[in-house]
Amino acid sequence: MNFYRYSSPSAFYPLAGTLAPWFGWSASLLAIAGLWIGFGLAPTDFQQGDAYRIIFIHVPAAWMSMFIYLVMAFWSALSLGFNTRLSAMMAQALAPTGALMTFIALWTGAFWGRPTWGTYWAWDARMTSELILLFLYFGVIALRNAIDDDRRADRACAVLALVGAVNVPIIYFSVYWWNTLHQGSSISVAAPKIAPIMLTGMLIMALAAWFYSIAVALVRVRCIILERERGAAWAGLVAEPGKA
Amino acid sequence: MTGFFAMGGYGFYVWSAYGVAALAIIAELLALRARRNACRAAAAARGETASL
């Protein structure tokens, strides 16, 4: 089975169309299950009361904000190394969803911080570097819009994505490197400092966020393929208007 | 049920967090649907449609 044929936009287009609904529906079911655990089964926290339940959206969004950036940087590196259009299109497709996850992480974190730390915001290491991640996403999107030629935009955005990738380990290790407000990791292989039912809910929500991001990115890259590959004279890509 | 909305007194924070997150996700999905309809219509106008 030659998977390299899927590096062609016209070959990947139908594959993405087949996969996207699967990931979308899976994400919906996982989210329902995760929220049921988070709000229905998980008990009230001894220290934080019910405010801790923000964890079920905040941590998955924060994880996805970092993971999507690394995936975007991966496709950017491939696009530069192999001069492939589809790799750059995937990076282009991931940026808006990555920005969304970063925003959700920052917003939900602020509303978790106010009742627990006493403040919506602090210029601590993790929060500041996550905010910079949001600016990097905006920068990649804005740079794309600023350059008319698609292939030049691909290369410029790829370089920006790769340069900005150094921020992701900074976000991750910030709580170890600096004496900072945001708490350290609650999860370790040896002894998780979080009740199992809470951890389960959080992991299911993380999987839901991951599948959601994949589904949205696949639909978006299909749009990008149609927008950019105009005149490639494909037959049979898009159904007749009025049909599925 | 009132306990669900009250969230032990933290209702404002919990529902502000989840509410804006839900709105943002809905906004992304709506924007994506609009983009999809627009580019499919443009592709159809260019004649790049399935020949059945």
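Read on for a plain summary of the structure. (Residues numbered from 1 in each chain as written. Chains lettered and ligands numbered in written order. Predicted model: local features only at pLDDT ≥ 70, side-chain atom pairs only at ≥ 80, totals over all residues.)

**Here we look at the overall build of chain B**
- Looking only at helices and strands, one finds two helices and zero strands in chain B.
- Along the first, second and third principal axes, the C-alpha atoms of chain B reach 60 × 20 × 10 Å.
- Scored against the burial criterion, the 52 residues of chain B give a buried share of 19%. (Helix = DSSP H or I, 4+ residues; strand = E, 2+ residues; numbered from the N terminus. Buried ≥ 20, exposed ≤ 12 C-beta atoms within 10 Å, placed from the backbone.)

**Quick look at the overall build of chain A**
- Of the regular secondary structure elements, chain A holds seven helices and zero strands.
- Each helix and strand of chain A, ordered N terminal to C terminal, gives the series α-α-α-α-α-α-α.
- For chain A, the C-alpha atoms occupy an extent of roughly 65 × 35 × 35 Å along the three principal directions.
- For chain A, buried positions account for 41% of its 244 residues.
- Contacts spanning at least 24 positions in sequence make up 77% of the contacts within chain A whose residues lie at least 6 apart. (Contact = placed C-beta atoms within 7 Å.)

**Quick look at the nonpolar core**
- Core analysis: the biggest nonpolar cluster contains 76 residues, and A91 of chain A together with A17 of chain B have the highest contact counts within it.
- Elements that contribute at least two residues to this core include exactly α1 (9-41), α2 (55-82), α3 (85-117), α4 (125-146), α5 (150-164) and α7 (196-228) of chain A together with α2 (11-45) of chain B.
- Counting residues per element, this core draws most heavily on α7 of chain A, which supplies 20 residues.
- In this structure A91 of chain A touches M72, W75, S76, S79, C157, A158 and A161 of chain A, once residues within four positions along its chain are discounted. (Core = buried A, V, L, I, M, F, W, Y, C linked by C-beta atoms within 7 Å.)

**Focus on the packing of α3 of chain A against α7 of chain A**
Residue and element names in this part refer to chain A.
- At a closest axis distance of 8 Å, the pairing of α3 and α7 adopts a crossing angle of 130 degrees. In terms of their interaxial angle, α3 and α7 are classed as oblique. Two packed elements cross with a definite hand, and for α3 against α7 that hand is right-handed. Contact residues: α3 offers M89, M90, Q92, A93, L94 and T97, while α7 offers S213, V216, A217, R220, V221, I224, I225 and R228.
- Its residues assigned to classes, the contact of α3 with α7 comprises nine nonpolar, three polar and two charged. (Axes fitted to C-alpha atoms, helices over the stretch in contact; angles between N-to-C directions. Parallel < 35°, antiparallel > 145°, perpendicular 65-115°, else oblique. Left-handed = near helix turned anticlockwise from the far one by under 90°. Nonpolar A, V, L, I, M, F, W, Y, C, P; charged D, E, K, R; others polar.)

**A word on the packing of α2 of chain A against α3 of chain A**
Residues and elements named next belong to chain A.
- Two elements in contact, α2 and α3, have axes separated by 7 Å at closest approach and are oriented at 160 degrees. Taken together, the axes of α2 and α3 are roughly antiparallel relative to one another. α2 and α3 meet at a crossing whose hand is left-handed.
- Looking at the contact of α2 with α3 residue by residue, the class counts come to 20 nonpolar, ten polar and no charged.

**Section: unusual backbone geometry**
- With a phi close to 60 degrees, N83 of chain A is a non-glycine residue in the positive phi region.
- Positive phi outside glycine occurs at M7 of chain B, with the angle close to 50 degrees.
- Here M7 of chain B lies in the loop between α1 (2-6) and α2.

**Here we look at α7 of chain A**
- Between its first and last C-alpha atoms α7 of chain A spans 47 Å; for 33 residues at 1.5 Å apiece the expected length is 48 Å, and the two agree.
- Counted residue by residue, α7 of chain A has 24 buried out of 33 residues, so it is predominantly covered. (Expected span 1.5 Å × (residues − 1).)

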